[in-house]
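# Architecture and fold: a report
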Amino acid sequence: SARLFSSGSDKPKRPKLVVFDLGGVVLQSPLKAINRFEIDAGVAPGSIFAATAKKGNGGAFPRLERGEVTLEEFFPLFGSELADSGLVLKKDVSELFA
């Protein structure tokens, strides 16, 4: 078992936070599902990821991951971001989360 010590002390220090990266680590990577969705939605594979990356940390997807927006708030924001990137989807972006 791992033990954490603060500098200059032999007493174990309890962690204040534990972070888990679930996507592609504990759960299957979401990239395969996104790729299938892109094909079904009539856009080039990788285009949704590219549009998301352009927005950086201020984009809808990172904001959803951080809990700054609800899933209901996310859908129109994300759809607008994709449209602003020139992507016209034949499917509703909410189907990606079904």
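Structural data are supplied above this passage.
Read on for an overview of the structure. (Residues numbered from 1 in each chain as written. Predicted model: local features only at pLDDT ≥ 70, side-chain atom pairs only at ≥ 80, totals over all residues. Heavy atoms only, no water.)

Tallying each qualifying case throughout the model produces four salt bridges. With its nearest N and O atoms 2.8 Å apart, the salt bridge here joins Arg66 to Glu68. By relative accessible area, which is 43% here, Arg66 ends up partly exposed. Relative accessible area serves as the criterion here: at 46%, Glu68 is assigned to the partly exposed category. Close ionic contact of Glu95 with Lys91 constitutes a salt bridge, the shortest N to O distance being 3.4 Å. According to the relative accessible area criterion, Lys91 is partly exposed, its value standing at 26%. Each of Asp40, Lys91 and Glu95 takes part in a single network of salt bridges with overlapping partners. (Salt bridge = Lys/Arg side-chain N within 4 Å of Asp/Glu carboxyl O. Buried < 20%, exposed > 50% of the residue type's maximum accessible area, 1.4 Å probe, protein only.)

Now for helix α1 (residues 30-41). In this model, α1 (12 residues) spans 16 Å end to end at C-alpha, consistent with the 16 Å of a helix rising 1.5 Å per residue. Of the positions making up α1, those classed as buried are Ile34, Phe37, Glu38 and Ala41. When α1 is viewed along its axis, its buried side chains cluster within an angular range of 105° and face the same direction. Those residues of α1 that are exposed and angled more than 90 degrees off the buried face are Lys32, Arg36 and Ile39. Looking at the buried side of α1, the elements it contacts are α2 (47-55). Among the residues trailing α1, Gly42 stands out with phi positive, at a value near 80°. (Helix = DSSP H or I, 4+ residues; strand = E, 2+ residues; numbered from the N terminus. Expected span 1.5 Å × (residues − 1). Arc of directions from axis to C-beta. Contact = heavy atoms within 4.5 Å.)

All right, on to the nonpolar core then. Residues Phe37, Ile48, Phe74, Phe78, Leu82, Leu87 and Val93 are the most contacted members of the largest nonpolar core, which totals 16 residues. Of all the secondary structure elements, the ones that give two or more residues to this core are α1, α2, α3 (60-65) and α4 (71-84). Apart from residues lying up to four places away in sequence, Val93 is in contact with Phe37, Phe75, Phe78, Gly79 and Leu82. (Core = buried A, V, L, I, M, F, W, Y, C linked by side-chain atoms within 4.5 Å.)

We now examine α4. Here α4 contains 14 residues, and its C-alpha end-to-end distance of 20 Å stays within 8% of the 20 Å for a straight helix at 1.5 Å per residue. Buried within α4 we find Phe74, Phe75, Phe78, Glu81 and Leu82. One face of α4 carries all of its buried residues, which in axial projection span an arc of 140°. Facing away from the buried side of α4 by more than 90 degrees, the exposed set consists of Glu72 and Asp84. Among the structural elements, α2 and α3 are those in contact with the buried residues of α4. Backbone geometry just downstream of α4 places Gly86 in the positive-phi region, at approximately 90°.

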